[in-house]
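Fold and contact review
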Amino acid sequence: MSDFVRIHEVGPRDGLQNEKSVIPVADKVALIDLLSRSGLRDIEVGSFVSRKWVPQMADTDRVLADLTPVADVRYAVLVPNMRGWDGFAAARMPGVTYEVAVFMSASEGFSQSNLNCSIAQSVDRLIPVVRAAEATGVGVRGYISCVTDCPFDGPVAPDSVARAAKMLLAVAPMQLSLGDTIGKGTPDKVARMLDAVLQVAPAEGLAGHFHDTGGQALANIETSLEMGLRAFDSAVGGLGGCPYAPGAPGNVATEAVLDLVHALGFETGINVDVIAKAAEMARGMR
Ligand code: HMG
Ligand code: MG
């Protein structure tokens, strides 16, 4: 089994989307540019969603225009529908490697709150986005939210997560990021959920996305590592939260994940000193 762990930095998107004060584009770009010199290979830099719903991400087009692309870094953006795809297509810069992340929920309550539609409708809306990405050589990633608990529906059955995974994989092969959106997951719950998802997707195709609300994110990552996962999402400085998931502050901090996986003997290719500087910068933006 691989001893390399791939970290997907979500701070500039998941970390900053919840901030109330307006963060200047130049500050976002400075953070992204510093992160892109750390050895990270995946950085999520924004989203093309409704500006009324998530005002903090309304300037993602300017972020794409102003960042200094680094070879080997893939810049990811969230895209829920074709309106979002059109925004991305107009903003993308030549010669840069991008990935679009489509997203859905394993629970109906969060689907309605976050996307204003049912699970089935959300999949219908993301299919043309995936097709457009395929047609233009852009990578695709899929998020499944509320993989253990939903802020509206309560505990989420592992089978519901496996069903969501199957729905996304029926659209196209893609890495699936499994989101503990409100940080209520525990190693036991995560293991039961992964048991179900591993019936429909191989561990190499999965990533763990743990919010640290309950202080369990690192333990959940250890459990996921034991079950074969080698990709995790995190945010420098532990920034984060989803505006449509009450009680979802704090993605697990990138620096804490690096300490854990390095101590366990995994390689990441990431320079912890650069990440420490980026964490300080990110905390200063709040
Ligand atoms: P809606 O209101 O149902 O959509 O929202 P609509 O089609 O009726 O459109 C309403 C207005 O939004 C229209 O504008 C559209 O043009 C516009 P108006 O005519 O009123 O001026 N619109 C858009 N504008 C820009 N970009 C777009 C877009 N689509 C419509 N793509 C919609 C549907 C999906 C847009 C809305 O629900 C939305 O933006 N939701 C935001 C969801 C979001 O970004 N949530 C946070 C990220 S997800 C997350 O954090 C979880 C994750 O981290 C994993 C985890 O932790 O679990 C990934
Ligand atoms: Mg999240």
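Read on for a plain summary of the structure. For clarity, every value in this text was computed on a predicted model and none was experimentally measured.

When its secondary structure is counted, the protein shows eleven helices and ten strands. Its C-alpha radius of gyration of 17 Å places the protein within 12% of the 19 Å reference for a compact globule of 286 residues. Along the first, second and third principal axes, the C-alpha set of the protein runs to 40 × 40 × 35 Å. By the burial criterion, 58% of the 286 residues in the protein qualify as buried. A separation threshold of at least 6 residues defines the contact pool for the protein, and within that pool the share at least 24 residues apart is 76%. When the accessible surface of the protein is totalled, it reaches about 11400 Å², and 52% of it is carbon and sulfur. With 24 positive and 33 negative side-chain charges, the protein shows a spacing of 6 Å between the two charge centroids.

Membership of the largest hydrophobic core comes to 84 residues, with the highest contact counts inside it found for Phe-88, Val-100 and Ile-144. Top element by residues in this core is helix H6 (residues 119-135). It accounts for seven residues. Beyond its immediate chain neighbours, meaning those up to four positions away, Ile-144 contacts Met-104, Ser-105, Ala-106, Val-161, Ala-164, Ala-165, Leu-168, Ser-177, Leu-178 and Gly-179.

Taken together, Asp-14 (OD), His-209 (NE2) and His-211 (NE2) make up the full set of protein donors to the magnesium ion (ligand 2), lying 2.1 to 2.3 Å away. Between consecutive donors of the magnesium ion (ligand 2), the numbers of intervening residues give the motif D-x194-H-x1-H. Here the residue Asp-14 occupies a position in helix H1 (residues 11-15), and His-211 occupies one in the loop between strand S9 (206-210) and helix H9 (217-226), the gap between them amounting to 197 residues. For His-211, a relative accessible area of 3% gives the class buried.

Take the pairing of strand S2 (residues 42-47) next. Of all six residues that make up S2, six are buried, and the element is covered over most of its length. Bridge count between strand S1 (residues 6-9) and S2: two bridges; the pairing is parallel. Residue pairing for S2: Glu-9 is matched across the bridge by Ile-43. Both S2 and strand S3 (residues 74-78) contribute to a ladder of five bridges, which runs parallel. Counterpart to Ile-43 in the pairing with S3 is Tyr-75. Traced from S2 through helix H3 (residues 60-66) to S3, the parallel crossover comes out right-handed.

Quick look at empty space enclosed by the protein now. One simple way to see leftover space: roll a probe sized like a water molecule over the atoms. Using the criterion set out here, one finds one cavity of 30 Å³ or more in the structure. Computed from the structure, the largest cavity encloses a volume of approximately 40 Å³. Residue lining of the largest cavity: Phe-4, Val-5, Arg-6, Ile-7, Gly-39, Leu-40, Arg-41, Asp-42, Thr-268 and Ile-270, and that is the complete set.

This next bit is on the site of ligand 1. Surveying the vicinity of ligand 1 reveals 25 residues, the closest of which are Lys-52, Arg-83, Asn-114, Ser-145 and Thr-181. Here Val-49 contributes a backbone N or O atom positioned 3.2 Å from a nitrogen atom of ligand 1. Between an oxygen atom of ligand 1 and a side-chain N or O atom of Lys-52, the distance comes to 2.7 Å. Protein chains shield 76% of the accessible area of ligand 1, which is 1100 Å² for the free molecule.

What follows concerns the sheet that holds strand S4 (residues 98-105). Through backbone hydrogen bonds, the strands of a sheet pair up, either in parallel or in antiparallel fashion. Spatial ordering of the closed barrel is given by S1-S2-S3-S4-S5-S8-S9-S10, a layout of eight strands whose pairing is parallel. Averaged over all neighbouring strand pairs, the angle between strand axes comes to 25°, with direction disregarded. Pairing analysis gives two bridges linking S9 to strand S10 (residues 231-234), with the strands arranged parallel. Residue pairing across strands places His-209 opposite Asp-233, the latter belonging to S10.

Quick look at the packing of helix H8 (residues 187-197) against H9 now. Orientation of H8 relative to H9, taken along the N-to-C sense of each, is 35°, at an axis distance of 9 Å. Seen from above, H8 lies across H9 with right-handed handedness. On H9, the residues that touch Pro-187, Val-190, Ala-191 and Leu-194 of H8 are Ala-219, Asn-220, Thr-223 and Ser-224. Here the residues of the contact of H8 with H9 are counted per class, giving five nonpolar, three polar and no charged.

What follows is about helix H4 (residues 82-91). All of the buried residues in H4 are Gly-84, Trp-85, Phe-88 and Ala-91. For H4, the angular spread of the buried residues around the axis is 135°, confining them to a single face. Seen from the open side of H4, the exposed residues pointing more than 90 degrees away from its buried face are Arg-83 and Ala-90. Buried-residue contacts for H4 involve H3, S3, S4 and H6.

Calculation criteria
- Residues numbered from 1 in each chain as written.
- Chains lettered and ligands numbered in written order.
- Predicted model: local features only at pLDDT ≥ 70, side-chain atom pairs only at ≥ 80, totals over all residues.
- Heavy atoms only, no water.
- Helix = DSSP H or I, 4+ residues; strand = E, 2+ residues; numbered from the N terminus.
- Rg over C-alpha atoms; globule rule 2.2 N^0.38 Å.
- Buried < 20%, exposed > 50% of the residue type's maximum accessible area, 1.4 Å probe, protein only.
- Contact = heavy atoms within 4.5 Å.
- Areas by Shrake-Rupley, 256 points an atom, 1.4 Å probe, with all protein chains shown as cover.
- Lys, Arg positive; Asp, Glu negative; His and termini not counted.
- Charge placed at Lys NZ, Arg CZ, Asp CG, Glu CD.
- Core = buried A, V, L, I, M, F, W, Y, C linked by side-chain atoms within 4.5 Å.
- Donors = N, O, S within 2.8 Å, 3.2 Å for Na, K, Ca; no water.
- Pairing = 2+ DSSP bridges.
- Right-handed = clockwise from strand over helix to strand, strands pointing away.
- 1 Å grid on protein atoms, 1.4 Å probe; cavity = no way out; pocket = protein on both sides within 12 Å on 5 of 7 lines; lining within 4 Å.
- Points joined across faces, edges and corners; volume = space filled by probe spheres on them.
- Near = heavy atom within 4 Å.
- Polar contact = N/O pair within 3.5 Å; in protein donor to acceptor, adjacent residues only side chain to side chain.
- Axes fitted to C-alpha atoms, helices over the stretch in contact; angles between N-to-C directions.
- Left-handed = near helix turned anticlockwise from the far one by under 90°.
- Nonpolar A, V, L, I, M, F, W, Y, C, P; charged D, E, K, R; others polar.
- Arc of directions from axis to C-beta.

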